[in-house]
Structures are given as C-alpha cells and as structure tokens.
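A look at the structure
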Amino acid sequence: MNIVVGITGGIAAYKAVNVIRGLVLAGHDVHVVATEAALRFVGRPTLEAISRNTVNTDLYEAVAEVRHVAIGQAADLIVIAPATANTIAKLAHGLADDLLGNTVLASTAPVVIAPAMHTEMWQNPATAANVETLRSRGIHLVGPVSGQLTGKDAGVGRMAEPDDIVAEALAVASARERHPTRSGASAEPDRGRDLEGRRVLVTAGGTREPLDPVRFIGNRSSGRQGVALAEAARDRGASVTLIAAHLEVPPPTGVTVLRVETTAELLTATSAEAPLHDLTIMAAAVADYRPVGVADGKIKKAATGERLTLELVQNPDILATISAEPRTGRLIVGFAAETAASPEELLELGRAKIARKGSDYLVLNTVGWTTGFATADNSVTVLDASGDIVLEASGSKTSVADDILGVFAAALTGAP
C-alpha cells in the first residue's frame, strides 16, 4: 500500500519514527508529511532514513506537479501520529493551511489518527466535540491511552504505542478492502446501521477485590476488547452503555459510562441495566474470589511475619445470574478467557461453560503470559447456546469487535 504518515508538532512526534518503521517493515511504501512544528521535535534526516522516501513539508513545493493534491490522491491509507489538539480541531473544520491538511482533504483513503495531548486538553469540551465530528465522518482514532505525559503529569492523553497504531491502521485498511463504501470517504468498514434503535450494554475491564486500602486482587485485563465492542456498537447506530471496571484505555465518546470497582458492584450495575438493553455483552474479566475480610488499615509485614494467609470466598456468578433472568427478545453474551493448551480443549471448556451459564452466546479466547490480555490483537471463537461454532475471528481487537457484533446484530434482526 501507499501510506501517508502525517506527523504534527507534539512531543510524541519522536514515537512516530517507530510507526513509520513498523509500516515499512510490513512491506508498505511510506511517505511522510510533516508539519513545520513536527520538525522541531524530530529531524528530517531521521524520517527520510526510516521511511526511505523524501519528507514533504511545504505546501508550495512542486506546485507544477500539484503535489498538495497528488499526495492525498495517491494514498491508500493516511495515519496521523501524533495528532495534536490543534490538528484535530483543524481536521474537524476542514482547514487546509498546510500540506497535511490539503493531503487529508484531497484523499478518499481511510484516515487513522493517534491523539496525543495533556489530559485537560483531551477532556476539553471543544476537543470532545471535534473528536465526535471526526468519528461521525468515519475517521478512526487509536488511543489516547493513560500514562506518563510530559513533565510530572500523568493521565489520559498519552499517544498509543507505535505497534498498536500500526496494527489498528492496517486493520482499518484491510476492513476497507473487504467492505468498500460507495463514497470511499469512510475509514470504517461499511457495516451499516444494523443496530439502529437498539440498546447495547457492554461490560469491560477487570474487577478488583480489596485486601486493604492499598492492595487488591485483580487481573491483567486492559478493557480494550470491551471498549472496542462498545465503540463498534455505537458506530452501528446503537445506544450504548459501558460498565467500566478499571480500564487501561479511555472509554469511547458517545456512550454512557458507569464505573465500578468490585465484582459485587458489577453485578449490581449489570442486573439493573441488562433488562433495559436488547443486547448485553459481558466482556469484563471478573474476579472469581474475594477476601473474607478487608483490613481497615494497610496490612503491615511486622504484624504478619514472613507469611500472610488469605481466606477467599467465591463471588457471585454474574453471567449465570443475568442469564437466569427472564429475557424475551434480549440476548446475553458471555466471554470466557481460558488457558487452553489446544483449540480442542478450548472448545471443550467453552461448551461446558455455556451449558452451565445459560447465555445465548459465549465468546472464547485463549489467554496467557503474552496473549489475550493487554494486547492489540485477539483471536476468538463464538459459540451459540447449542455449543455450535458460529464465528471464528482474529486480528486487531477493533476488527474482531466488528465481526462479533455482526453475529449478534443478525440474531437480533432475525437475519440469516
């Protein structure tokens, strides 16, 4: 593919070098369009050496070749990393006072942006409105994520990691190839509005059970797959509620977010919300056990000695509880993360689990030290209530979410 990487003037510009490298190593022809501000953070020789092409910056270069239009016309994919608050505002309002703005306006290629800014700027109502405008036009966002920012600041606004940006961008381009739109202007696959008028509930993240005011029992779930599902449901036209348990990624805009801490809180929130929704997708990683007692103060080593014994009790089974409630016309979907040694073992575990839980569908995936949790990609198998496989999907968590929702949207509408 011919890929344009736009780089704008933020401190995260140095990370764009690895975005370029990842795309080049994947076999693509990468052309960098950098703003003048971007070159204050990363040098032109570096960008040219990594991209293996001349860096374009000036709107008035090669006017005879109409380069300010030609670059965008030739692009199969545009990636902007980092995308500052200023750049997002300019894109939302169609401004073209530099080469990057002209390139985007002159292109029908999918556009993927990786926002990077301080938390206050990301949460500012102006930025939120601009982001919503871009999403409505089919521009795909990767991040931002929560983490260390410049100086002593930390919070949501850190640019997503280069490998994640590359994976998401290539997934968007691949989805465009599979599902081209008539206008060619959307960065998302043409999934239509098959959830228009529907209400979708998604749980995401990992619950935490406190031991004392400092420590907890938890899991490694980042919430990425659940957030991707909420985002995809919103883009299909649904009214979405996201019950969030300790997300490591920001929730999508345009959805209602309810935050919980423990499994008990998740059960309370899900029990209240599920009857109000047509589709409930329980993607959160739930702690199966909690401590019998929680210490009022920090547990001290001096008081416990070399060993600390914890007594745990089982938490309520949320999926089984919600599935047992009357639900005419509503679908309940569970997730099962397993450390299966083989696909056959995974299927065996999944079929036994859906029989016990009583949900309409079960999404299976294998997790381990380096797979499943806190990664950009996922591989899933979806079973129906009979234990039959209705979908196998792999790729970025964004593309997997879209594939999964295709199954449930068809089930809600009765489509074959």
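Residues numbered from 1 in each chain as written. Predicted model: local features only at pLDDT ≥ 70, side-chain atom pairs only at ≥ 80, totals over all residues. Heavy atoms only, no water.

The name given to the protein chain in an unreviewed UniProt entry is Coenzyme A biosynthesis bifunctional protein CoaBC, with Herbiconiux oxytropis as the source organism.

1. Considering helix 10 (residues 263-273)
When we look at burial in helix 10, the residues that qualify are Thr263, Leu266, Leu267, Ala269, Thr270 and Glu273. Structurally, helix 10 contributes buried residues whose contacts are with strand 8 (199-205), strand 9 (209-210), strand 11 (239-245), strand 12 (256-260), strand 13 (279-282) and helix 12 (318-324). (Buried < 20%, exposed > 50% of the residue type's maximum accessible area, 1.4 Å probe, protein only. Helix = DSSP H or I, 4+ residues; strand = E, 2+ residues; numbered from the N terminus. Contact = heavy atoms within 4.5 Å.)

2. Focus: the sheet that holds strand 1 (residues 2-7)
A sheet is described by the order of its strands in space; here five strands give the open sequence 2-1-3-4-5, paired in parallel fashion. Looking at which strands have only one partner, the edges of the open sheet turn out to be strand 2 (29-34) and strand 5 (140-141). Direction of pairing for strand 1 relative to strand 2: parallel, over a ladder of six bridges. Note on strand 2: the bridge partner recorded for Ile7 is Ala34. Most of the contacts of helix 1 (residues 16-25) go to strand 1, to which it runs at about 175°, and overall it touches strand 1, strand 2 and strand 3 (77-83). (Pairing = 2+ DSSP bridges. Axes fitted to C-alpha atoms, helices over the stretch in contact; angles between N-to-C directions.)

3. Observations regarding a nonpolar patch on the surface
Together, Tyr289, Leu308, Leu310 and Leu312 line one region of the surface with nonpolar side chains, adding up to about 370 Å² of accessible area. Turning to its location among the elements, Leu312 is positioned in strand 15 (residues 312-314). When its relative accessible area of 38% is taken as the criterion, Leu312 is described as partly exposed. (Patch = residues over 30% accessible without salt bridge, like charges linked within 9 Å, V, L, I, M, F, W, Y side chains within 5 Å. Areas by Shrake-Rupley, 256 points an atom, 1.4 Å probe, with all protein chains shown as cover. Salt bridge = Lys/Arg side-chain N within 4 Å of Asp/Glu carboxyl O.)

4. A short note on helix 2 (residues 44-51)
An α-helical segment advances 3.6 residues per turn. Residues three or four places apart therefore align on the same side. When we look at burial in helix 2, the residues that qualify are Leu47, Ile50 and Ser51. Each buried residue of helix 2 lies within a common arc of 90° when the element is viewed along its axis, so the set occupies one face. Pointing more than 90 degrees away from the buried face of helix 2 are the exposed residues Pro45 and Ala49. If you follow the buried residues of helix 2, they end up packed against strand 1, helix 1 and strand 2. At the C-terminal side of helix 2, Arg52 shows a positive phi close to 65°. (Arc of directions from axis to C-beta.)

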